[in-house]
Amino acid sequence: MALLRVEDLHKRYGHEEVLKGVTLAQDAGETKVVIGPSGTGKSTLLRCINRLTEPDRGRVWLEDTEITSRQTDINRVRAKIGFVFQDFNLFTHLTALDNVRLGLVRVRRMPRAAATGRAMAELERVGLAAKADAYPAQLSGGQQQRVSIARALAMDPRLILFDEPTSALDPELIGEVLSVMIQLARDGMTMIVVTHEMGFARSVADEIVFMEGGVIVEQGPPDKMFRSPEVPRTGEFLRKISELYGESQ
Amino acid sequence: MDLSVWTQVAPHVPVLLRGFVVNIQLLLGLISLGLAVGVVTALVEVYAPRPVGIAASAYTWFFRGVPEIVLLFLFYFGLSQFGIPVSAFFAAVLALGLRSSAYQAQIFRGAFQSIPHGQMMAARALGLGRLRSIVYVVLPQALRLSLAGWSNEFSSVLKDTTLAWGIGVVEVMRQASYIRARNFTLTLPIYVTVALMFLVLTYVGNLAIGLAERRLRVPGLEGQR
């Protein structure tokens, strides 16, 4: 059974229907990359999965828990789903260590000493143990994003959703974030990544999902999507985006 | 002017100080009440459903719009008319405290609104409920940002405690007027002494707030230099 199932998800903002029925399934250990022009509902899709945005219609399951059910304790579900934001959204008043530790202490109710150990281990994993006592404002964008990945990892999530994690970064800082994500994918973390980084998509994605106009236009393994997409629009978009962003990591 | 009047004040200082202690008690009472009610009012204005928010705004409008001396009379004489017996001291704390809460709510509301919404979302994404996200993420930042405005309110209500004289609280101004009634030549030195007491308290209070501001400073939180 798939780890995550999304069924016929709809979302409308005013007159504009941003999601027009999206269905997908994600297996444990799989890395899915969602691509598509801006404004086509990719971020909304991610936010509807853990109900940061309430979908209008459709269902989402994490294993056998229906996330979209009214009976579900949404906070318990969210604790199992990591979320990495485009703008990092670190807590300004907390050090890197405390940013990672907050969820451990306040959500998972871990004793303080254990939480500290775990938080340090996650900072180590993203290469920032030396910055444990730094406040977000004292870190570069790339470092902030790595702390936010550590913050998500500390919760032992079943999967992590990445919403354009490198779009707010200067080009020279993108690499350090991508290499952390590549390592995660290789370690078997389940990930859904909205990104324009085609090099990343090509090298680690198990599946690429091309969205446009609120629907999934085409999905498949990277090789097939890049070499012989079934829908002409897919190939057109991939060519354009590869030109714009390059294929390098 | 006979300079010896200044030395004649000395024996009266203990009495004045006894009155001044009442001002400090008034201050502590009203500023704590104002802080508690002010934070809650600001939270309601920013986060509660619209009708409740409007009620909170009406509340701040009332307490910011009525003169303090009128509030004091309303609470002291008004409550007893409803059969609620209140001491002058309690009425003063209530009237001045609620009035201060309306001003403090303005300070906190601005601070709450200045915390980026993304941080709230990040807290929710971790699995923290709405209230707990506010408590652990928004509040610590908003309170820090409020300190500068809050020190202003502190200095202001500190002096307002003398208005309690109007409803018969035996605070420093009333003690001063007792002394003056017995010896009119002491008028000027007595009130200069009272003024000095407030100047010292304002100075010490702001020093303490400034110290707190520096201790709590966090790099990157705006409004703090």
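Residues numbered from 1 in each chain as written. Chains lettered and ligands numbered in written order. Predicted model: local features only at pLDDT ≥ 70, side-chain atom pairs only at ≥ 80, totals over all residues.

Description of the overall build of chain A
Then comes step 1: Counting secondary structure elements, chain A contains nine helices and ten strands.
Then comes step 2: Computed over the C-alpha atoms, the radius of gyration of chain A is 18 Å, within 12% of the 18 Å expected from 2.2 N^0.38 for a compact globule of 249 residues.
Then comes step 3: Principal-axis analysis of the C-alpha atoms gives chain A an extent of 55 × 45 × 35 Å.
Then comes step 4: Relative to its 249 residues, chain A shows a buried fraction of 47%.
Then comes step 5: Sequence-distant contacts in chain A: of pairs separated by 6 or more residues, those separated by 24 or more amount to 65%. (Helix = DSSP H or I, 4+ residues; strand = E, 2+ residues; numbered from the N terminus. Rg over C-alpha atoms; globule rule 2.2 N^0.38 Å. Buried ≥ 20, exposed ≤ 12 C-beta atoms within 10 Å, placed from the backbone. Contact = placed C-beta atoms within 7 Å.)

A look at the overall build of chain B
Then comes step 1: Helix and strand counts for chain B come out as nine helices and zero strands.
Then comes step 2: Along chain B, helices (α) and strands (β) appear in the sequence α-α-α-α-α-α-α-α-α when read from the amino end.
Then comes step 3: Seen along its three principal axes, the alpha-carbon backbone of chain B occupies a region of about 75 × 45 × 20 Å.
Then comes step 4: For chain B, the share of sequence-separated contacts (at least 6 apart) that also reach a separation of at least 24 residues comes to 76%.

Here's the deal with the sheet that holds strand β1 (residues 4–13) of chain A
Residue and element names in this part refer to chain A.
Then comes step 1: The strand order β2-β1-β4-β5 describes an open sheet built from four strands, whose pairing is antiparallel. Strands with a single pairing partner mark the edges of an open sheet, and in this sheet they are β2 (16–26) and β5 (65–66).
Then comes step 2: Bridge analysis of β1 against strand β4 (residues 57–62) gives five bridges, and the strand direction is antiparallel. The partner of E7 across the bridge, within β4, is R59. (Pairing = 2+ DSSP bridges.)

A word on the domain arrangement of chain A
Quoted interface sizes are often the accessible area lost when the parts come together.
Residue and element names in this part refer to chain A.
Then comes step 1: As assigned here, chain A comprises domain 1 (25–53 + 74–80 + 158–249) and domain 2 (89–157).
Then comes step 2: When each unit is reduced to the centre of its C-alpha atoms, the spacing between domain 1 and domain 2 is 24 Å.
Then comes step 3: The interface of domain 1 with domain 2 comprises 13 residues on the first partner and twelve residues on the second.
Then comes step 4: Only β7 (159–163) and α6 (171–186) provide two or more residues apiece to the side of domain 1 that touches domain 2. (Domains from an automatic or database assignment.)

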